[in-house]
Amino acid sequence: MSDFLPRIVGFLCNWCSYAGADLAGVSRLKMPPALIPIRVMCSSRVDPLFVLRAFLGGADAVLIAGCHPGDCHYQSGNYYTRRRFALLQRIFQELGLEVDRLRLAWIAASEGVRFKKVVTEYTDRIKKLGPNPVKKEIFL
């Protein structure tokens, strides 16, 4: 299991988190290549069905990252994100899925180091959990 590299789908806010990821890359910060970034205009635009589809499609985990609360470029978008994330956690619990495979993070455009830290820590946590168990059931 030590050579397992998880596939983490990351829905990143265009204005903050995606820019933070770009800053981490431009700064040449070392991080595991586990994240598959998907840019969305706002973290509030991440439909819970996108997350479920990514997970049921074989992703080992899903990261939703957006602007810090109160700093959203669309004023209150990240407050909607928090509500949707709570809903997703309940859905995962009801379906018997591991809630630890979901992560919500607030990352500003100037926080390249924080982006690296979030991705690295989350990758390590998912490595300990192992591959997505749903993937086995779907594709057998």
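Residues numbered from 1 in each chain as written. Predicted model: local features only at pLDDT ≥ 70, side-chain atom pairs only at ≥ 80, totals over all residues. Heavy atoms only, no water.

(A) Layout of the overall build of the chain. A count of helices and strands for the chain gives 5 helices and 4 strands. Order of helices (α) and strands (β) in the chain, N terminus to C terminus: β-α-β-α-β-α-β-α-α. Computed over the C-alpha atoms, the radius of gyration of the chain is 15 Å, within 12% of the 14 Å expected from 2.2 N^0.38 for a compact globule of 140 residues. Referenced to the eigenvectors of the C-alpha coordinate spread, the extents of the chain come out at roughly 40 × 35 × 20 Å. Within the chain, the fraction of its 140 residues that count as buried is 44%. Residue pairs in contact within the chain that sit at least 24 positions apart in sequence constitute 80% of those at least 6 positions apart. (Helix = DSSP H or I, 4+ residues; strand = E, 2+ residues; numbered from the N terminus. Rg over C-alpha atoms; globule rule 2.2 N^0.38 Å. Buried < 20%, exposed > 50% of the residue type's maximum accessible area, 1.4 Å probe, protein only. Contact = heavy atoms within 4.5 Å.)

(B) Just the packing of aromatic side chains, in detail. Applying the stated criterion across every chain, the model contains 2 aromatic pairs. A ring pair is formed by Phe55 and Phe92, whose centres lie 5.1 Å apart and whose planes are at 50°; its orientation type is tilted. Of this pair, Phe55 sits in helix H2 (residues 48–56) while Phe92 is found in helix H3 (residues 77–95), placing the two residues 37 residues apart along the sequence. Comparing Phe55 with Phe92, the two get one shared label, buried. Here the guanidinium or amino end of Arg39 rests over the ring plane of Tyr18, the centre of that ring lying 4.3 Å away. (Phe/Tyr/Trp six-rings, centres within 6.5 Å; stacked < 30°, edge-to-face > 60°. Lys NZ or Arg CZ within 6 Å of the ring centre and 35° of its normal.)

(C) Representation of the nonpolar core in the model. Core analysis: the largest hydrophobic core is formed by 17 residues, its most contacted members being Phe11, Val51, Val62, Ile64 and Leu102. When residues of this core are traced back to their parent elements, those giving at least two are strand E1 (8–13), H2, strand E3 (61–66) and H3. The element that contributes the greatest number of residues to this core is H2, accounting for 4 residues. In contact with Leu102, other than residues within four places in its own chain, are Val51, Val62, Phe85, Leu88, Gln89, Phe92 and Tyr122. In this structure, Ala61, Leu63, Ala105 and Val118 belong to the second largest nonpolar core, which totals 16 residues. (Core = buried A, V, L, I, M, F, W, Y, C linked by side-chain atoms within 4.5 Å.)

(D) Structural detail: the UniProt feature "domain: F420-non-reducing hydrogenase iron-sulfur subunit D" (unreviewed entry) in the chain. In this structure's numbering, the residues bearing the UniProt feature "domain: F420-non-reducing hydrogenase iron-sulfur subunit D" (unreviewed entry) are residues 8–130. Within the segment residues 8–130, helix and strand shares are 46% and 19% respectively, and the terminal C-alpha atoms sit 12 Å apart. (UniProt positions renumbered as here; feature names shortened; annotations may be inferred.)

(E) Up close: H3. Spanning 19 residues, H3 covers 27 Å between terminal C-alpha atoms, matching the ideal 27 Å at 1.5 Å per step. Listed as buried for H3 are Gly77, Asn78, Thr81, Phe85, Leu88 and Phe92. Projection of H3 onto a plane perpendicular to its axis shows the buried side chains occupying an angular sector of 80°, all on one side. Across from the buried face of H3, at angles greater than 90 degrees, the exposed residues are Arg83, Arg90, Gln93 and Glu94. Tucked into the core, H3 has its buried residues touching H2, E3 and strand E4 (102–106). One or two steps after H3, the chain reaches Gly96, where phi turns positive at roughly 75°. (Expected span 1.5 Å × (residues − 1). Arc of directions from axis to C-beta.)

(F) Spatial organisation of the side chain of Asn132. Along the chain, the position of Asn132 falls in the loop between helix H4 (112–129) and helix H5 (133–139). A polar contact is formed between the side chain of Asn132 and the backbone nitrogen of Val134, at a distance of 2.9 Å. Excluding anything up to four places from it in sequence, Asn132 contacts Phe55, Gly58, Ala59, Asp60 and Arg101. (Polar contact = N/O pair within 3.5 Å; in protein donor to acceptor, adjacent residues only side chain to side chain.)

(G) Up close: the pattern of salt bridges. Inspection of the entire model under this criterion finds 1 salt bridge. A salt bridge links Arg101 to Glu98, with the nearest nitrogen and oxygen atoms 2.5 Å apart. (Salt bridge = Lys/Arg side-chain N within 4 Å of Asp/Glu carboxyl O.)

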